[in-house]
Amino acid sequence: MAQYNKLNFIVIDDSKLDCFIAEKIIKNTGKCESVMSFLQAKDALQFISSATPDDLTHTIILVDIQMPVMNGFEFVEAFESLPGSVVNNYTIYVISSSINENDLHKVHNYKSVKQFLNKPLTSNNLSLLLS
Amino acid sequence: MSTGRKIQVLYIDDEQNNLNGFKATFRFDYTIFIASDTVKACEYLRDFPEISVILCDQRMPEKTGVQFFEEIRVEFPNPVRMLITGYTDIESVIDAVNRGHIFRYIKKPWTDSDIRSAIEEANKFFLTNALLVAKNKELTSAYAELGKFAYSITHDVRGPLLSIIGALDLAKGMDDLTELRELLGLMSDAVTKLDEYIKNTHEYYKLKRGQLLFSEIDLNVLLSDIAALFKIAGRNNNIQFTSNVIQNKPFYSDEISIKMILNNLLSNAFNYQRKNAKEKYVDVVMEVVENDLVITVKDNGIGIHENHINNIFDMFYRATSEETGSGLGLYNVKDALNRLEGTIEVQSVIDKGTTFTVTIPGKSHGAV
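Residues numbered from 1 in each chain as written. Chains lettered and ligands numbered in written order. Predicted model: local features only at pLDDT ≥ 70, side-chain atom pairs only at ≥ 80, totals over all residues.

J.: I would appreciate a short explanation of the interface of chain B and chain A in the present structure.
T.: One frequent convention defines the size of an interface as the accessible area lost when the parts assemble. In this complex, chain B contributes 21 residues to the contact, which on the side of chain A involves 23 residues. Within the residue set of the side of chain B that touches chain A, elements represented by two or more residues are α5 (112–172) and α6 (177–209) of chain B. If you tally residues by element for the side of chain B that touches chain A, the top one is α5(B), at 12 residues. The residue inventory of the side of chain B that touches chain A, partitioned by class, reads 10 nonpolar, 7 polar and 4 charged. (Contact = placed C-beta atoms within 7 Å. Helix = DSSP H or I, 4+ residues; strand = E, 2+ residues; numbered from the N terminus. Nonpolar A, V, L, I, M, F, W, Y, C, P; charged D, E, K, R; others polar.)

Have a look at this one:
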C-alpha cells in the first residue's frame, strides 16, 4: 500500500472500547487522513455505498466478526455486491477475538478480505500491515 | 406413555371371532383396539399414537403379519411388534425376528397368561425405548448448548478481555488525562459486561440444574425487593418507574424463577431506552387473574424490529448493538417459563416501545 501517502480508515465494531482503541492507534501511525468508527455494520455500509469515490486516497476497513444485527461476514457479503468502482477503493481486514476454526476458514472465502487479524489491535501489528 | 394409564394394544386378525375373544378377555386390563385388516390397523396407529404394543396374526389373506410389520416399521417405529403364529411358519418368523421386525412371537394356540406376559414385557421395552429417545434428545440439546457456550466464550469473555489488554497497551503511551479518563470509563464498561455475562451464565446453570421450589408468594414483597434497585437506576437516568400489584388471593409458584424473570424484563426495559427521549418510562403490573399471575412490563424505549422479534428468546441472540446485552437474559426467561409452564408474549414498535406480557399458572397449595 506504499503507493498511497495517506489512507482513510473505517472501523466497524460493536464495542465502543475497541473502536476507541483502534481510532487512537490508527491516528498514532501518522499515515491516516481520516478515521471513522461505526458501532453498527449497517451504518458503515450505508456510508460506503453513498460516499463519492476518491481516486487519490484508499480506505482501509477493519471489521469485527461477531456483531449483533449484521455481523462481519454479512457486512463483507453486502459490501462485495456493491459496484466494482466502489469496492476497489477499499481493502478489508477482518479483526476478531474469535479462535473458532470455522470463522478463520470462512475469511478465506471472501476475495475482498485481505487478511484476518487477531484482537487486540496494537500499533505494532497495524504498522506491519501498513508497511 | 404414562405408566399410570392402561397399556394400549392393537390386535390384527382376519378372523372376527378371534378379535372378539381377544377383546373380551383383555379389555379390563388394557385398552384394546381390534382390526380385521391392515388398512384399518394403520388408521388406528395414526389416530392413536399412544398404542405401544401391536399383536398381529401371521396368516391373513392379503398379506402376512411379517410383511405388515415390515411395511409399518418406517411410519410407526415406536410400537412394539409381536406376531401370533403356528409352528408351520417358523422359518419366516425366525427370519423376521432376526431382521428386527418383531420383538417376540406367540405361538398358537395361545393362553391368556402368554399374551399377558408378552404384553407386559413389550410395554416395558417400549417405555425403556421411549425413555432412551427422550434422554437422547436432552443430550443432543445439551451438546448443542455446550457448543454455543464454547463459541460465545471466545466472544463474550475473550472479547472484553482482549479489549482491556489493548486499552492497557494504549494507555501506557497516553499523556492526556482527559483522554485517559475516557479510556478508563470504556474499560469499566467492558468489565461490567464481562461480569454481566458471568452472572447470566450462573443464572442459566441455576435454572437448568436447580429444583423448583413452590411456596406462597407475596407479590408486593417480591416486587419491592427488586424494584429498589431499579428505582435508583430510574432516578439516575431520568426514567419514570411505576408499578402496581393486584393480588386478592394467595399465589403459589417458584419465587426464584419469578424474580429472575422480572429482573431480566425490567433490566431490558431500563437499558433499551432511547437516549434522547424526553419522557422515558417503565411500567410494571403484576396481577393474579383467576389462578394465573400476569406480569406486564411496558416501556417506551427503542423497540424491537419485527425481523428480530422471533429470535429474541434464542440463546446468545442479540437484536441490537445498543447497550451491553449478553444474549442470555431472555433465553433464561423463556427457559424458566417453560419449566413453570408459563407463556410470554411481546408487542413492540420501533422507537415507540415494547410490552412483555408473562403468564404463569399458579400451583395449588403445597404442590411440588
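J.: Help me understand the nonpolar core, please; the structure alone is not making it clear to me.
T.: Side chains of nonpolar character tend, in soluble globular proteins, to be buried together. In terms of nonpolar packing, the biggest core is built from 40 residues, with Val11(A), Ile12(A), Ile21(A), Ala22(A) and Val63(A) touching the most fellow members. Of the residues forming this core, the biggest block, 7 residues, is contributed by helix α1 (residues 16–29) of chain A. Here Val11(A) is in contact with Cys19(A), Ala22(A), Glu23(A), Val35(A), Ser37(A) and Leu62(A), once residues within four sequence places are set aside. Within the second largest apolar cluster, 33 residues are counted, among which are Ile239(B), Ile258(B), Met286(B) and Leu330(B). (Core = buried A, V, L, I, M, F, W, Y, C linked by C-beta atoms within 7 Å. Buried ≥ 20, exposed ≤ 12 C-beta atoms within 10 Å, placed from the backbone.)

J.: I keep staring at the sheet that holds strand β3 (residues 53–57) of chain B and nothing clicks. Help me out?
T.: Residue and element names in this part refer to chain B. Read across the sheet, 5 strands follow the order β2-β1-β3-β4-β5 without closing on themselves; strand pairing throughout is parallel. Single-partner strands in this sheet number two, and they are β2 (30–35) and β5 (104–107). For this sheet, the mean inter-axis angle between neighbouring strands, taken without regard to orientation, is 20°. With 4 bridges joining them, strand β4 (residues 80–85) and β5 adopt parallel strand pairing. Looking at the pairing, Thr85 lines up with Lys107 of β5. (Pairing = 2+ DSSP bridges. Axes fitted to C-alpha atoms, helices over the stretch in contact; angles between N-to-C directions.)

J.: Explanation requested: the environment of Glu121(B) in the structure shown.
T.: All names here are of chain B. If you trace the backbone, Glu121 turns up in helix α5. A count of 15 C-beta atoms within 10 Å places Glu121 in the partly exposed class. Put simply, Glu121 and Val80 are 41 residues apart on the chain and 9.7 Å apart in space, counted from C-alpha to C-alpha.

J.: Sorry if this is basic, but what is going on with the pairing of strand β12 (residues 353–361) of chain B here?
T.: Strand residues, when the strand is regular, have side chains that alternate between the two faces of the sheet. Residues and elements named next belong to chain B. One ladder, built from 8 bridges, connects strand β10 (residues 292–299) with β12; its direction is antiparallel. Bridge pairing in β12 places Asp299 opposite Thr354. The pairing of strand β11 (residues 343–349) with β12 spans 7 bridges and is classified as antiparallel. Residue pairing in the sheet places Val346 in a bridge with Phe356 of β12.

J.: Sorry if this is basic, but what is going on with the sheet that holds β11(B) here?
T.: For sheets, the rule is that strands pair by backbone hydrogen bonds, running either parallel or antiparallel. Residue and element names in this part refer to chain B. Strand order across the open sheet formed by 5 strands is β7-β9-β10-β12-β11, with mixed pairing between neighbours. The open sheet has two edge strands with one neighbour each: β7 (239–246) and β11. Between one strand axis and the next, the sheet turns by 10° as a mean value, whatever way the strands run. With 8 bridges joining them, β7 and strand β9 (residues 280–289) adopt parallel strand pairing. Bridging across to β9, Asn244 finds its partner in Val285. Where helix α7 (residues 219–237) meets the sheet, it contacts β7 and β9, and its direction lies at approximately 170° from that of β7. On top of the sheet, helix α9 (residues 329–340) reaches β11 and β12; it is set at about 145° to β11, its chief contact.

J.: Even after reading the chapter, I still don't get the pairing of β10(B), so can you show me in this structure?
T.: Residue and element names in this part refer to chain B. Where burial is concerned, the two faces of β10 differ: the one with Leu293, Ile295, Val297 and Asp299 is buried and the one with Asp292, Val294, Thr296 and Lys298 is not. When β9 meets β10, the two strands line up antiparallel, connected through 8 bridges. For Val284, the partnering residue across the bridge sits in β10 and is Val297. In this antiparallel pair of consecutive strands, β9 and β10, the connection spans 2 residues, and Glu290 shows a positive phi of 55°.

J.: It is not clear to me how the packing of α1(A) against helix α6 (residues 123–130) of chain A should be interpreted in this structure. Could you clarify?
T.: How two helices pack is summed up by the angle between their axes together with the distance between the axes. Residue and element names in this part refer to chain A. In contact at an axis separation of 10 Å, α1 and α6 are set at 55° when each is read in the N-to-C sense. One finds that α1 runs oblique with respect to α6. The way α1 lies across α6 gives a crossing that is right-handed. The residues of α6 that touch α1, namely those facing Ile25, Ile26, Asn28 and Thr29, are Ser123, Leu126, Ser127 and Leu130. The class makeup of the residues in the contact of α1 with α6 is 4 nonpolar, 4 polar and no charged. (Parallel < 35°, antiparallel > 145°, perpendicular 65-115°, else oblique. Left-handed = near helix turned anticlockwise from the far one by under 90°.)

J.: I'm lost on the packing of α6(B) against α9(B) in this one. Help?
T.: Residue and element names in this part refer to chain B. Two elements in contact, α6 and α9, have axes separated by 10 Å at closest approach and are oriented at 15°. Here α6 is positioned roughly parallel relative to α9, judged by the angle of their axes. Crossing angle aside, the handedness with which α6 passes α9 is left-handed. Each of Asn200, Glu203, Tyr204 and Leu207 in α6 lies in contact with α9, whose residues at this interface are Gly329, Asn332, Asp335 and Ala336. Considering only residue class, the contact of α6 with α9 consists of 3 nonpolar, 3 polar and 2 charged.

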